[in-house]
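Okay, here's what each chain looks like letter by letter:
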Amino acid sequence: MAASDEALVAAFVNGDGGAFDELVRRHSRRVYGICLRYFGNAADAEDAAQETFVAVLRRASTFNGASAFSTWLYRVATNACNDIARKRARRPRNAGTDVAQLADVADPDDVLANRELRLELRTALQSLEPEQRDAVILHDVTGLPYADIADRLGVAVGTVKSRIHRGHARLAGALTHLRDLEGDPAAEPTDAIAPPTVQP
Amino acid sequence: MNSRAVPDDVLSAYLADDLPDDEAAALEARLPGDPELAGRLDQMAAMLVALGNLDRATPPSGFDARLTQRLLAERGDDPVRGDGGAPLAAAPVTDLDQIRRRRAARQRRWVLGGTVAAAVAAVALVSGLAVQELGFMVGGGGSSAGGAGEEAAGRVAGQGGGSAEDAVTGESTEAGDQPAAQGAPSRTGRPVVLDREVVLADEAAVRARYRALVEAERLLAAPLPQARAAADSAAAFLRRSSPLSDALAPAECLAALRRDSATPVVPARVETVVYRGEPALAYVLVTASDGARELDRTQVEIVRAGDCSTALSLRL
């Protein structure tokens with residue numbers, strides 16, 4: 001049986017360099033994904049992903065196991081993104097060619113229709129208030145930074161953050177409700193939903 | 001206290017690093033004693049990963065190899081090959097093979113240093129050093145063995161009066177910024193060497209990329225005697241580094257950049273770039289203004305790969 005992330009961290013802290021290698025192998029793509037969503041461009045995302053794992057290398061001994069390693073790593077990654085953005089004194093932006101990799105942002109509904117999402121997530125998203133749903137889709141599904149969403153929606157960045165975090169909270173509640181209805185928390189459809197319905 | 005006292009939107013904000021520091025610290029303090037709260041936090045993180053399809057992001061070509069090199073540099077003593085660190089599994093086989101071939105030429109020379117470096121790092125981890133200290137040991141300036149070379153060790157150690165090992169690392173497990181004359185550790189670390197051929201379209205792109213680099217900022221305010229030793233140590237380190245892409249040597253143009261300077265010129269980063277369509281090397285250098293008694297400015301020099309001629313000289 002493969003060792004858990006938490007066991008690997010413990011092994012690394014006790015001197016097993018190979019355990020760290022395995023953690024990197026398991027999580028590098030996800031960390032890159034977190035950073036790409038934050039910055040919206042590959043160059044900054046790669047820098048931030050590297051800084052994330054450097055931070056893990058240095059701070060592994062501070063991981064106390066209260067939450068899952070993957071949760072701790074998520075937080076380390078967003079921290080690294082914020083640090084880089086602050087140090088460079090520029091807002092994270094979507095840059096040139098990378099924008100083309102993103103889904104069409106013309107309409108959040110289109111974005112949602114074009115993305116592969118778990119069925120339960122799609123259902124939960126549809127249950128959100130429109131303002132929250134648009135902000136969540138633009139941020140989480142499309143990968144736009146806060147500032148771009150604020151520009152697009154014509155509201156303050158703080159308002160965007162509030163809508164996103166409250167939207168996440170509503171989503172978490174809706175997912176719990178859906179799973180309760182299904183009666184099996186482990187039954188998570190993971191396949192892509194039907195082909196996109198592209199608006200003309 | 002019921003974990004529901006912490007609403008889910010706060011958990012979301014915490015994961016996004018959008019909470020004020022004091023609120024984030026309070027939340028972290030609660031987690032060890034509140035498994036339900038920790039479980040909700042885990043669920044929130046998992047939901048965000050699924051929502052953004054974050055596990056399906058496709059990194060650019062060479063991402064794994066560059067990540068591997070960076071981490072090896074943090075764990076070992078060579079920024080390009082990382083002689084002191086254990087191999088990282090993240091790189092594709094072909095990339096790892098390439099790295100190992102590069103390493104082979106100098107394997108015998110550095111194997112002892114690498115072993116000691118790994119051992120020191122392991123001891124540091126096991127003994128539970130403070131986070132900042134651990135960062136200095138394992139990362140930042142590199143580990144305590146190898147890299148800077150024996151002759152550099154002798155020079156720096158002789159000057160500062162500290163242990164040879166502290167002097168070579170340029171970092172220390174001891175806190176403090178006392179002058180070198182008192183035997184305190186240097187604040188300087190080894191230069192970061194990156195072989196990424198970063199495309200820099202213009203001066204603005206150069207400025208954006210190199211402003212406020214950690215490796216440069218930690219050199220600032222170093223007294224000149226210490227800075228001279230650091231400059232020599234860093235230069236020796238770069239001379240020992242393996243060739244970059246297109247057979248460029250990290251130290252190739254450094255001598256020319258240092259030649260006319262009466263004050264210490266300490267390289268903080270050397271990086272392959274493509275500047276205005278031409279292959280080039282970027283040197284981020286920390287130097288001192290005329291009359292200054294410590295390092296007080298950072299500049300970047302973009303030099304053409306063919307002849308080391310200056311393409312851009314920019315004070316940051």
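Check the entry above for the structure.
Residues numbered from 1 in each chain as written. Chains lettered and ligands numbered in written order. Predicted model: local features only at pLDDT ≥ 70, side-chain atom pairs only at ≥ 80, totals over all residues. Heavy atoms only, no water.

Here we look at the interface of chain B and chain A
Counted only if it meets this: Any pair of residues with heavy atoms lying within 4.5 Å of one another is described as a contacting pair. Take the accessible area each of two parts loses on contact, using a 1.4 Å probe, and add the two losses: that sum is the buried area. Any Lys or Arg side-chain nitrogen found within 4 Å of a carboxyl oxygen on Asp or Glu counts as a salt bridge. Counting of polar contacts relies on pairs of N or O atoms within 3.5 Å, with two restrictions inside protein: one atom must be capable of donating a hydrogen and the other of accepting it, and residues adjacent in sequence are counted only when both atoms are side-chain atoms. By the criteria applied, helices consist of DSSP H or I runs no shorter than four residues and strands consist of E runs no shorter than two, each listed in order from the N terminus. Note that Gly is not counted as nonpolar here; it falls among the polar residues with everything else outside the nonpolar set of Ala, Val, Leu, Ile, Met, Phe, Trp, Tyr, Cys and Pro and the charged set of Asp, Glu, Lys and Arg.
Between chain B and chain A, the contact holds 60 residues from the first and 63 residues from the second. Summed over both sides, the interface between chain B and chain A buries roughly 5500 Å², with carbon and sulfur atoms accounting for 59% of that surface. Arg75 of chain A is the salt-bridge partner of Glu28 of chain B, the closest N and O atoms lying 3.9 Å from each other. Here chain B is connected to chain A by 17 residue pairs in polar contact (both at pLDDT 80 or more). Among the elements of the structure, helix H1 (8-15), helix H2 (21-30), helix H3 (35-51), helix H4 (63-75), helix H6 (107-126), helix H7 (131-138) and helix H10 (203-210) of chain B are those that each provide at least two residues to the side of chain B that touches chain A. If you tally residues by element for the side of chain B that touches chain A, the top one is H3 of chain B, at 10 residues. Residues of the side of chain B that touches chain A, tallied by class, amount to 37 nonpolar, seven polar and 16 charged.

Considering the pattern of salt bridges
This is how the line gets drawn: Burial status follows relative accessibility: with a 1.4 Å probe on protein chains alone, a residue under 20% of its type maximum counts as buried, one over 50% as exposed, and anything between as partly exposed.
Counting across every chain of the model gives 21 salt bridges over all chains. Arg66 of chain B is the salt-bridge partner of Glu46 of chain A, the closest N and O atoms lying 2.4 Å from each other. Here Glu46 of chain A is found in helix H3 (residues 42-59), whereas its partner Arg66 of chain B is found in helix H4 on a different chain. Assigned by exposure class, Glu46 of chain A and Arg66 of chain B land together as buried. One connected set of salt bridges, linked through shared partners, spans Asp5, Glu22, Arg25 and Arg26 of chain A.

Focus: the packing of H3 of chain A against H4 of chain B
Spelled out, the test is: To obtain each axis, a line is fitted to C-alpha atoms, and for helices this fit is confined to the stretch in contact; angles are then taken between N-to-C directions over 0 to 180 degrees. Two helices crossing with the near one rotated counterclockwise from the far one by less than a right angle form a left-handed crossing, whereas a clockwise rotation gives a right-handed crossing.
In the contact formed by H3 of chain A and H4 of chain B, the axes pass within 10 Å of each other and the chain directions differ by 35°. Here the hand of the crossing between H3 of chain A and H4 of chain B comes out right-handed. Residue-level inspection shows Glu46, Ala49, Gln50, Glu51, Phe53, Val54, Leu57 and Arg58 of chain A of H3 of chain A in contact with H4 of chain B, the latter providing Phe63, Arg66, Leu67, Arg70, Leu71, Glu74 and Arg75 of chain B. Among the residues making up the contact of H3 of chain A with H4 of chain B, the classes are represented as seven nonpolar, one polar and seven charged.

A closer look at helix H4 (residues 69-87) of chain A
Rules: What a helix is expected to span follows from its residue count: subtract one and scale by 1.5 Å.
With 19 residues, H4 of chain A ought to run about 27 Å at 1.5 Å a step, and its terminal C-alpha atoms sit 26 Å apart, in line with that. Of all 19 residues making up H4 of chain A, 15 are buried, and the element is well covered by its neighbours.

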